[in-house]
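Structural features, examined
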Amino acid sequence: MKIERTKNAARNMLFGTITRTYQIIIPFLMRTAMTYFMGVRYLGLNSLFISILQVLNLAELGVGSAMIYSMYRPIAEDDQEKICALMRLYKKYYRVIGVVIAAAGLLLTPFIPKLISGDVPAGINVYTLYLLNLSATVLSYWLFAYKSSILYAHQRTDVISRVTLVTSSGQYMVQFLVLWLLRDYYIYILVMLGTQAVTNILTAAAAGRLYPDCVPRGELDRESVREINGRIRDLFTSKIGSVVVSSADTIVISAFLGLSALAVYQNYYFILSSVMSFVAIAFSACTAGIGNSIVVESREKNFNDLKKFTFLTAWIGGFCSACFLCLFQPFMKIWMGEELMLPYSVVVCFCIYFFVFEINQLLNTYKDAGGIWHEDRFRPLVTALANLGMNLAMVQFWGIYGIILSTVLSMLFVGMPWLLHNLFSLLFEKARLRGYLKSLLFYTVVSLLACSVTAFACSFIRLGDWGTFLARAAVCCAAPNAVFYGIYRRTGEFRAALQLMDKMTGGKFRLEQRLAGRSRKGGEAG
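Residues numbered from 1 in each chain as written. Predicted model: local features only at pLDDT ≥ 70, side-chain atom pairs only at ≥ 80, totals over all residues. Heavy atoms only, no water.

**Some thoughts on the overall build of the chain**
Within the chain one finds 18 helices and zero strands. Within the chain, the proportion of its 526 residues that are buried is 52%. Of the contacts formed within the chain by residues at least 6 apart in sequence, a portion of 83% connects residues at least 24 apart. When the accessible surface of the chain is totalled, it reaches about 23,800 Å², and 64% of it is carbon and sulfur. (Helix = DSSP H or I, 4+ residues; strand = E, 2+ residues; numbered from the N terminus. Buried < 20%, exposed > 50% of the residue type's maximum accessible area, 1.4 Å probe, protein only. Contact = heavy atoms within 4.5 Å. Areas by Shrake-Rupley, 256 points an atom, 1.4 Å probe, with all protein chains shown as cover.)

What follows is the structure, encoded as structure tokens:
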């Protein structure tokens, strides 16, 4: 079966962006409502439970990634029998995973209070809240979770986005009423539990309607099962690594600095992660297409694609970093007030973290799409242990600074060099690595220049809270992009990126032709 990779990626990004916008704006309002109706410590408590459950999700062992990767070739070859057998195996594995998470979660229950420094909100039973959150996680695996695999493998995440948009609307409406009228956190969590069930059911129904022949039946041969189990074993350390990196910060802050400090940190991280989730839409939308391209296209074609995606990621990462640098503090002052703000130097640390994270995320997308899990199995674990060790040491001396910088250092000096070596050894050619690193360094320097120019321009703007924010936002839209355009406009990567964007939009904007026309006019005028 031929997958229309560019068309599907564009559609997935469109619906993913719509859904993600909705899921950022409404939770932002919910977070604000919880702060004013319930108190700031509830935000810290909610973040702690999410991180703990991410650790428990280690039981998933990367089954989803392994199964979806295993579907790429059968889908390309239209091997319906094997696709159905894979779905049956996926269903079986997820039932077992739900049991393992439930058991591990119950064993962890007595230790939950030890992960909280200081007092919890009055009248709150942390055990009850934790068990409600645990139930939502277990339910997500037991109730038709395997059905979503066929949508991911066919690059139809837009369907999942539509379902999520509908179910989230109901969830947020009811939860807001609960906060406003009842101010009951227990009911707030129960609504989330019910929404999880409805989302799984509707997603399963949509998958069945689009791909009625893809049902869990049949048996895989022993060799295929052995290969899949091998991928899952290889992904285990990767899963540990990603979970420790994403959850350790929250748990360490809660254990050493308390729920209030965690809530303030999470207010900043909520904005940062919201933007990250937008960029992740593009990565998620393109992963199946990249996987399909790796299977059917040449190394040269795939390396050129990597260069295009790296250029776009660096541009987006640099632009967003400039915006964070200039807009974070005035926005937080308007939203939460000066008493719930972090120092500006922490914002600088967040900007560095964001840029490094996005480049790392692109490389990980290629690793997952190429199925490079066996060769990469120890890297995430070593990176995570380095991050955790630095977290525990640095938080005691530098507090929040130590938390952020430990994550950056572990990615930049442990994880990324190792990951690049694996990618260029297996997917591309080792000889190309030096040139690629030069490009990365060039993009980083240009991004630093763009951030510096933007910050310098914004430093003169002092027009009151809203006036400062809006004026700086206008500068942030223009200044970094002007720097990028002025430096990049004659590069091959810029031209290739325009071609990619024209292709994804069906040529509606004809960006490349317009740019070429302007260049010719400029030459004639000269």
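**Some points on the packing of helix α11 (residues 299-335) against helix α12 (residues 344-369)**
One way to put it is that α11 packs onto α12 with a least axis distance of 9 Å and a crossing angle of 165 degrees. What the angle tells us is that α11 and α12 run roughly antiparallel. Of the two elements, α11 crosses α12, and the hand of that crossing is right-handed. Considering only residue class, the contact of α11 with α12 consists of 16 nonpolar, seven polar and two charged. (Axes fitted to C-alpha atoms, helices over the stretch in contact; angles between N-to-C directions. Parallel < 35°, antiparallel > 145°, perpendicular 65-115°, else oblique. Left-handed = near helix turned anticlockwise from the far one by under 90°. Nonpolar A, V, L, I, M, F, W, Y, C, P; charged D, E, K, R; others polar.)

**Some thoughts on the nonpolar core**
Counting residues in each nonpolar core, the largest one holds 141 residues, and the members touching the most others are Ile150, Tyr185, Tyr265, Leu272, Phe350, Tyr366 and Leu423. It is α11 that provides the largest number of residues to this core, a total of 16 residues. Once you skip the residues sitting within four places of it in the chain, Phe350 turns out to touch Tyr265, Tyr268, Tyr269, Leu272, Leu342 and Ile404. (Core = buried A, V, L, I, M, F, W, Y, C linked by side-chain atoms within 4.5 Å.)

**Observations concerning the packing of α11 against helix α15 (residues 433-458)**
Here α11 crosses α15 at 25 degrees, and the two axes come no closer than 9 Å. As summarised for this structure, α11 and α15 are arranged roughly parallel, according to the angle between their axes. By crossing handedness, the relation of α11 to α15 is classed as right-handed. Side by side, α11 and α15 meet where Leu306, Thr310, Phe311, Ala314, Gly318, Ser321, Ala322, Leu325 and Cys326 of the first sit next to Tyr436, Leu440, Tyr443, Ser447, Cys451, Thr454, Ala455 and Cys458 of the second.

**What to know about the side chain of Asp376**
Within the secondary structure, Asp376 sits in the loop between α12 and α13 (379-398). Here Asp376 falls in the buried class, since its relative accessible area comes to 2%. At a separation of 2.8 Å, a polar atom in the side chain of Asp376 contacts the side chain of Arg379. Contacts of Asp376, omitting those with residues within four sequence positions, involve Lys367, Leu419 and Asn422. (Polar contact = N/O pair within 3.5 Å; in protein donor to acceptor, adjacent residues only side chain to side chain.)

**Focus on a nonpolar patch on the surface**
A grouping of Met173, Val174, Phe176, Leu177, Trp180, Leu181, Leu182, Ile187 and Leu190 is seen on the molecular surface, where their side chains present a nonpolar patch of about 850 Å² in accessible area. Looking at the nonpolar patch, the elements with two or more residues in it are α7 (157-182) and α8 (185-210). It is α7 that contributes the most residues to the nonpolar patch, seven residues altogether. As for its placement among the helices and strands, Met173 is situated in helix α7. (Patch = residues over 30% accessible without salt bridge, like charges linked within 9 Å, V, L, I, M, F, W, Y side chains within 5 Å. Salt bridge = Lys/Arg side-chain N within 4 Å of Asp/Glu carboxyl O.)

**So, the pattern of salt bridges**
Evaluation of the coordinates by the stated rule reveals nine salt bridges. Notably, a salt bridge pairs Glu219 with Arg88, separated by 2.6 Å at the nearest N-O pair. Highlighted residues: Glu219 in the loop between α8 and α9 (222-257) and Arg88 in helix α4 (residues 80-108), separated in sequence by 131 residues. The exposure class of Arg88 is partly exposed, given its relative accessible area of 38%.

**Details of α12**
In an α-helix there are 3.6 residues to a turn, and that puts residues three or four apart on one side. With 26 residues, α12 ought to run about 38 Å at 1.5 Å a step, and its terminal C-alpha atoms sit 38 Å apart, in line with that. In terms of residue burial, α12 counts as a mostly covered element, since 19 of its 26 residues are buried. Looking at the residues trailing α12, positive phi occurs at Gly371, about 65 degrees. (Expected span 1.5 Å × (residues − 1).)

**Concerning the confidence of the model for the chain**
Here the chain averages 82 in pLDDT, while 88% of its residues score no lower than 70. Confidence, read as mean pLDDT per element, is least for helix α18 (residues 511-525) in the chain (52) and greatest for α15 (94). Below a pLDDT of 50 lies the segment residues 522-526, which in the model reaches zero contacts outside its immediate sequence neighbourhood of four places, other chains included. (pLDDT = per-residue confidence, 0-100.)

**Side note on helix α5 (residues 126-142)**
Between its first and last C-alpha, α5 extends 25 Å over 17 residues, near the 24 Å set by a 1.5 Å rise per residue. Residues Val126, Leu129, Tyr130, Leu132, Asn133, Leu134, Ala136, Thr137, Val138, Ser140 and Tyr141 constitute the buried set of α5. For α5, the side-chain oxygen to backbone nitrogen distance between the N-cap and Tyr127 is 2.9 Å, and the N-cap itself is Asn125. Just downstream of α5 lies Phe144, where phi reads positive at about 55 degrees.

**Quick look at the side chain of Asn422**
Relative to the elements of secondary structure, Asn422 occurs in helix α14 (residues 400-426). Take Asn422: its relative accessible area is 7%, and that puts it in the buried class. Contact partners of Asn422, with chain neighbours within four places excluded, come to Ile372, Glu375 and Asp376.

**Quick word on the environment of Ala205**
Mapped onto the elements of the fold, Ala205 is located in helix α8. Of the residues examined, Ala205 reaches a relative accessible area of 48% and is grouped as partly exposed. Between the C-alpha atom of Ala205 and that of Lys147, which follows or precedes it by 58 residues, the distance is 8.6 Å.

**Here we look at the packing of aromatic side chains**
Under the defined criterion, the tally for this structure stands at 38 aromatic pairs. Geometrically, the ring pair formed by Phe331 and Trp335 is tilted, given 5.9 Å between the ring centres and 40 degrees between the ring planes. Taken together, the positions of Phe331 and Trp335, both in helix α11 and four residues apart, correspond to about one turn of that helix. Taken together, the ring pairs connect Tyr265, Tyr268, Tyr269, Phe324, Phe328, Phe350, Tyr353, Phe354 and Phe357 into an aromatic cluster. (Phe/Tyr/Trp six-rings, centres within 6.5 Å; stacked < 30°, edge-to-face > 60°.)

**Regarding unusual backbone geometry**
One non-glycine residue with positive phi stands out, namely Arg183, at about 50 degrees. Here Arg183 is to be found in the loop between α7 and α8. Residue classification places Arg183 among the partly exposed positions, given a relative accessible area of 45%.

**Quick notes on the environment of Ile50**
Here Ile50 is to be found in helix α2 (residues 40-56). C-alpha separation for the pair Ile50 and Ser247, spaced 197 residues apart in sequence, amounts to 8.4 Å.

**As for the state of the cysteines**
Counting across every chain of the model gives zero disulfides. There is no disulfide at Cys320, and the cysteine sulfur nearest it, in Cys323, is 6.2 Å away. (Disulfide = S-S within 2.5 Å.)

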